[in-house]
Amino acid sequence: MADMPNGARPGSRGGAARVCTIIAFVFAVLAIFLSPLIFGVLGLILGIVGATLGDKPLGWYAAGTAVLGAVIGVLINVAIINT
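These numbers were taken from a predicted model, which means no experiment stands behind them. (Residues numbered from 1 in each chain as written. Predicted model: local features only at pLDDT ≥ 70, side-chain atom pairs only at ≥ 80, totals over all residues. Heavy atoms only, no water.)

What follows deals with helix α2 (residues 36-53). Helix length check: α2, at 18 residues, gives a terminal C-alpha distance of 25 Å against a target of 26 Å (1.5 Å per residue), a fit within 8%. Within α2, the full set of buried residues consists of P36, F39, G40, G43, G47, G50 and A51. The buried residues of α2 occupy an angular sector of 100 degrees when projected down its axis, which confines them to one face. Residues of α2 that are exposed and angled more than 90 degrees away from the buried face: L37, I38 and T52. Once α2 finishes, G54 follows within two positions and takes phi at roughly 135 degrees, a positive value. (Helix = DSSP H or I, 4+ residues; strand = E, 2+ residues; numbered from the N terminus. Expected span 1.5 Å × (residues − 1). Buried < 20%, exposed > 50% of the residue type's maximum accessible area, 1.4 Å probe, protein only. Arc of directions from axis to C-beta.)

See the structure below:
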């Protein structure tokens, strides 16, 4: 192979995985404040996609954080509606 750096792999999707993971964390925060169901599910999906593309520990953390954000968002919505 010609002039390929030592850590680079052909076909590596590290950048796309990191972008999916970062967006999943953003959706986790949005799930708390805006729409828990929509943003929680989207964050979960993007976290899993990020983890399967190669951002292993952080992608799974993003997926879990999205679920936690959705649960917190639902609890806040229920508390607001019942008062």
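Position of I23 among the secondary structure elements: in helix α1 (residues 14-33). A relative accessible area of 34% means that I23 is categorised as partly exposed. In this structure, the C-alpha to C-alpha distance between I23 and G50, residues 27 residues apart in sequence, is 9.6 Å.

The subject of this paragraph is the pattern of salt bridges. A complete count under the given rule lists one salt bridge for this structure. Notably, a salt bridge pairs R18 with D55, separated by 2.9 Å at the nearest N-O pair. Note that R18 is positioned in helix α1 and D55 in the loop between α2 and α3 (56-81), a separation of 37 residues in sequence. The class for R18 is partly exposed, based on a relative accessible area of 41%. Residue classification places D55 among the buried residues on the basis of a relative accessible area of 8%. (Salt bridge = Lys/Arg side-chain N within 4 Å of Asp/Glu carboxyl O.)

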